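# Examination of the molecular architecture
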Amino acid sequence: MSTVIYPSPIFGPVHSRRLGVSLGINLLPADGKVCSFDCIYCECGFNADNRAHNPLPTREEVHLALESKLIEMKAVGPIPDVLTFAGNGEPTCHPSFPEIIDDTLALRDEYFPNAKVSVLSNSTFIHRPAVFAALAKIDNNILKLDTVDEDYIHLLDRPGSNYSVSNIISQLKAFKGNCIIQTMFLKGKYEGRDMDNTSDKYVLPWIEAVKNIAPRQVMIYTIDRETPDHDLQKASPEELDRIVSQLAKEHIVATASY
Ligand code: SF4
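First, a word on what this report is: a plain description of the structure on this page. (Residues numbered from 1 in each chain as written. Predicted model: local features only at pLDDT ≥ 70, side-chain atom pairs only at ≥ 80, totals over all residues. Heavy atoms only, no water.)

Cis peptide bonds are those with omega within 30 degrees of zero, and the linkage from Ser8 to Pro9 qualifies with 0°. Mapped onto the elements of the fold, Pro9 is located in the segment before β1 (10-16). Positive phi outside glycine occurs at Glu191, with the angle close to 50°. By the secondary structure assignment, Glu191 is in the loop between β7 (186-190) and β8 (193-194). (Helix = DSSP H or I, 4+ residues; strand = E, 2+ residues; numbered from the N terminus.)

Below, the structure is given as structure tokens:
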């Protein structure tokens with residue numbers, strides 16, 4: 001098992017634990033990773049080990065490749081449950097992300113009107129009005145909030161120095177419930193530091209932030225593939241279930257992927 005770099009701009013379909021039959025749309029280059037985070041659990045590896053050299057796919061290239069794949073799937077299957085923006089980094093960093101969302105919604109309506117459009121994002125570009133507006137249009141606006149602990153997030157997700165948890169929470173709240181929060185729980189060590197975020201020390205303040213954001217759903221998950229840091233471990237099903245129960249007590253709909 002090793003870290004994975006996805007084809008671009010279309011990959012799959014794959015069977016996703018959380019989303020069903022998912023056709024992947026990767027707005028990053030095929031030869032490496034582009035992300036505003038550098039998570040120590042990233043299935044694409046560390047940024048420094050997997051830098052992309054090719055340009056981002058253009059809006060036209062994404063449109064052509066997506067339409068061609070949807071025509072093929074219409075002819076031979078499978079029927080997609082979801083068209084998912086994911087892949088080698090952060091999709092919302094693409095300068096044409098809002099226009100590509102409009103193209104994708106139009107193609108979805110034409111070929112598979114029952115399919116959902118999902119975006120997996122790390123939330124770092126939602127301060128851009130056009131990105132915010134695009135995310136507000138889709139079916140599953142899945143936004144990462146791994147922790148509200150400023151020190152821990154700089155160890156786990158490794159954003160730039162101007163990242164502010166409180167600003168991100170305010171911006172998430174502005175979706176007025178039209179978002180899904182996704183959060184990684186894990187254990188193990190990174191550079192000798194204990195990375196376990198399943199304890200109340202991390203979970204309780206995060207639940208307060210989730211209550212404040214009031215998303216329509218929360219998805220919690222744990223490591224599924226090899227991670228670039230090899231001392232990390234999965235959170236157990238019992239630990240994830242306990243966090244789901246804590247959310248349920250606050251009347252927050254949540255699911256766990258083990
Ligand atoms: S935000 Fe996603 S793509 Fe970016 S480093 Fe983290 S896990 Fe990888």
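Moving on, we get to the state of the cysteines. By the definition in use, this model includes 0 disulfides. Summary of cysteine pairing: Cys93 is not part of a disulfide, and the nearest cysteine sulfur, belonging to Cys35, is at 7.4 Å. According to the relative accessible area criterion, Cys93 is buried, its value standing at 18%. (Disulfide = S-S within 2.5 Å. Buried < 20%, exposed > 50% of the residue type's maximum accessible area, 1.4 Å probe, protein only.)

This part covers the packing of aromatic side chains. Scanning the entire structure with this criterion turns up 6 aromatic pairs. Both rings, one in Tyr152 and one in Tyr202, keep their centres 4.7 Å apart while their planes meet at 45°; by these two values the pair is tilted. With Tyr152 in helix α4 (residues 150-156) and Tyr202 in helix α6 (residues 200-213), this pair connects stretches of sequence that are 50 residues apart. No difference in accessibility class separates Tyr152 from Tyr202, as the two residues are buried. A cation over a ring is seen here: Lys74 above Phe112, with NZ or CZ 4.9 Å from the ring centre. (Phe/Tyr/Trp six-rings, centres within 6.5 Å; stacked < 30°, edge-to-face > 60°. Lys NZ or Arg CZ within 6 Å of the ring centre and 35° of its normal.)

Mapping Thr58 onto the fold places it in the loop between β2 (20-25) and α1 (59-76). Classification of Thr58 by relative accessible area gives partly exposed; the value is 33%. In this structure the C-alpha to C-alpha distance between Thr58 and Leu27, which are 31 residues apart in sequence, comes to 8.4 Å.

Residues in close proximity to the ligand include Lys33, Cys35, Phe37, Asp38, Cys39, Tyr41, Cys42, Gly89, Asn122 and Lys144, which together make up its full environment. Judged by the fraction of its atoms near the pocket grid, the ligand is located in the largest pocket. Tallied by class, the residues present in the shell around the ligand amount to 5 nonpolar, 2 polar and 3 charged. (Near = heavy atom within 4 Å. 1 Å grid on protein atoms, 1.4 Å probe; cavity = no way out; pocket = protein on both sides within 12 Å on 5 of 7 lines; lining within 4 Å. Sits in = over half its atoms within 2 Å of the grid points. Nonpolar A, V, L, I, M, F, W, Y, C, P; charged D, E, K, R; others polar.)

Nothing here speaks to function; it is geometry throughout.
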